[in-house]
Structures are given as C-alpha cells and as structure tokens.
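Coordinates in review
Here are the chains, one letter per residue:
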Amino acid sequence: MNQTELGELLGYDKTYISALELRKRSRDDVGSRRRVCESLRLPPRILGVTDMADTDHRAMLQCGDSTVRLAEIARQSGHAAEAVSELWPLVARLEARVEDGHSERDVLHLLARARVGLGVALGNVLPEERLSTAAHWTAKSLDLDTDGVRALLHVPGLVDHQHCNLVV
C-alpha cells in the first residue's frame, strides 16, 4: 500500500502520511490512534490503545494506582511487609498483561511505579545480604520506559536505595 492509498483509507492527505512516516508529525491522541486501528482493522493494543470494552484494564489501573500509593504509606509507617504483600500480586498481574502484548503506556508506567515500590519495600524487609534482590526490582522499573526514567527518580522512597549502587 502506498502513501496515497493509505491516506485515502484513513482520510488524510498523502503529504500528511509522509510527515508521519518521517516523524515530522505525530498522532499521539487516543482518538486518532483508535480510528487508525479501526480503519486498518488492527487490534487497538498494536498502537498502544486500550479497548474501551476492556473493563479489567480500567479497573486494574484505578486499583493499581491506589495500591501503589497505599503501599508507600504502609512502608513509610513501618509496615513494609504489608506493602510487599500488596505490591507483589499487582506487579505479577501487570507483567502478565505486558507479556500478553498489552503494553499501553499507562500500564508500563503503573508497572514501573509498582516495581519501584516493591523494590523499596523489599529493601526495608530483607536482611542486608539480600538487598541485591530489592535493588533488582527497583532497577527493573527503569528498563520499562526511558521517557519515564526522570519521573521515576521522583518516586518517594527511591532514594532509600542509594546504598545499592543503581546505575541509571
């Protein structure tokens, strides 16, 4: 399919399609990505868009965000083991979702935050000789999204791992 045919199918001029291909323009809004997926009969997750009917996804994001925040409060209150108990299943569920090909930006961001929280909480629970395990989980969060690395560095508790020599 050439640019003219693609443009006609999507309702764009071929010069706009060319600009998209050359990354001079971008279609970052969800509505446009969803329309492209519908026009090309692609699953929305291919372009990082969640299916509106995916209620499990929406609920997971809402509950997951709350879980990460509450786990941080628990950890700061001296209940790091409870924070680990809350974050471990969330991280496992999010990782399974990513492995199934659902790598939407909001899922990756939540997974990164949950991994950081898990790593920091593990750092409070594990004996000193096992701190490398905690550092592993914290470092795994940095592998997900290079755009989000700066934001992750502002996550409460991340500074608790300064002694683990993480390389960013």
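Residues numbered from 1 in each chain as written. Predicted model: local features only at pLDDT ≥ 70, side-chain atom pairs only at ≥ 80, totals over all residues. Heavy atoms only, no water.

**Some points on the overall build of the protein chain**
Filter applied, for reference: Only DSSP runs of H or I covering at least 4 residues are called helices, and only runs of E covering at least 2 are called strands; the numbering of each starts at the N terminus. Note on classification: 1.4 Å probe, protein chains only; a residue is buried when its accessible area is under 20% of the maximum for its type, exposed when over 50%, partly exposed between these limits. Working rule for contacts: check all heavy atoms of both residues, and any pair within 4.5 Å makes them a contact. The method behind every accessible area is Shrake-Rupley, applied with a 1.4 Å probe, and residues are considered shielded solely by the protein chains displayed.
A count of helices and strands for the protein chain gives 8 helices and 0 strands. Overall, the protein chain shows an N-to-C arrangement of helices and strands of α-α-α-α-α-α-α-α. Looking at the protein chain residue by residue over its 168 residues, the buried ones come to 39%. Contacts in the protein chain between residues at least 24 apart in sequence constitute 56% of all its contacts with a sequence separation of at least 6. Total accessible area on the protein chain stands at roughly 10,200 Å², and carbon and sulfur atoms take up 51% of it.

**A closer look at helix α5 (residues 80-99)**
Note the threshold: Expected span, for any helix, means 1.5 Å times one less than how many residues it has.
For α5, built from 20 residues, the straight-helix expectation of 28 Å at 1.5 Å per residue is met to within 8% by its first-to-last C-alpha distance of 28 Å. Those residues of α5 that sit buried are Ala80, Ala83, Val84, Leu87, Leu90, Val91, Leu94, Glu95 and Arg97. Looking one or two residues past α5, glycine 101 carries a phi angle of roughly 95°, positive in sign.

**Considerations on the pattern of salt bridges**
Counted only if it meets this: Think of a salt bridge as a Lys or Arg side-chain nitrogen and an Asp or Glu carboxyl oxygen that are within 4 Å of each other.
On inspection of all chains with the given rule, the structure shows 4 salt bridges. Between arginine 75 and glutamate 72 there is a salt bridge, with its nearest N and O atoms 2.8 Å apart. Remark: glutamate 72 and arginine 75 occur in helix α4 (residues 55-76); sequence separation between them is 3 residues, near one turn of the helix. Of the two residues examined, arginine 75 and glutamate 72, each falls in the buried class. Arginine 115 is the salt-bridge partner of glutamate 95, the closest N and O atoms lying 2.6 Å from each other. Placement of the pair is glutamate 95 in helix α5 and arginine 115 in helix α6 (residues 105-125), with a sequence separation of 20 residues. Across this residue pair, the class does not change: glutamate 95 and arginine 115 are buried.

**Focus: the nonpolar core**
Counted only if it meets this: Think of a nonpolar core as a cluster: buried Ala, Val, Leu, Ile, Met, Phe, Trp, Tyr and Cys residues, connected wherever their side-chain atoms sit within 4.5 Å.
Core analysis: the biggest nonpolar cluster contains 20 residues, and Leu87, Leu94, Ala114 and Leu118 have the highest contact counts within it. Of all the secondary-structure elements, those providing two or more residues to this core are α4, α5, α6 and α7 (131-142). The element that contributes the greatest number of residues to this core is α6, accounting for 7 residues. Contact partners of leucine 87, with chain neighbours within four places excluded, come to Thr67, Val68, Ala71, Ala114, Gly117 and Leu118. By size, the runner-up hydrophobic cluster in this structure holds 5 residues, among which are Leu10, Tyr12, Ile17 and Val36.

**Quick notes on the environment of valine 68**
If you trace the backbone, valine 68 turns up in helix α4. A residue is classified by how much of its surface remains accessible, and valine 68, at 10% relative accessible area, is buried. Considered as a pair, valine 68 and arginine 113 are 45 residues apart in the sequence and their alpha carbons are 7.1 Å apart. Excluding residues within four positions of it along the chain, valine 68 makes contact with Leu87, Leu90, Leu110, Arg113 and Ala114.

**Quick notes on the environment of valine 84**
With respect to the element layout, valine 84 can be found in helix α5. Among all residues touching valine 84, those that are not within four sequence positions of it are Pro89, Leu118, Ala121, Leu122 and Val125.

**Here we look at the packing of helix α1 (residues 3-10) against helix α3 (residues 30-40)**
Selection rule: Only the contacting stretch of a helix is used when fitting its axis, a line to C-alpha atoms as for every element, and angles between N-to-C directions run 0 to 180 degrees. By the definition adopted for this analysis, an angle is roughly parallel if under 35 degrees, roughly antiparallel if over 145, roughly perpendicular if from 65 to 115, and oblique otherwise. By the convention adopted, Pro, Cys, Tyr, Trp, Phe, Met, Ile, Leu, Val and Ala count as nonpolar, Lys, Arg, Asp and Glu as charged, and the other residues, Gly among them, as polar.
Look at α1 against α3: their axes get within 9 Å of each other, and the N-to-C directions meet at 110°. Our classification of the angle between α1 and α3 gives roughly perpendicular. Contact residues: α1 offers Leu6, Leu9 and Leu10, while α3 offers Arg35, Val36, Ser39 and Leu40. Partitioning the contact of α1 with α3 into residue classes produces 5 nonpolar, 1 polar and 1 charged.

By themselves these figures say nothing about function.
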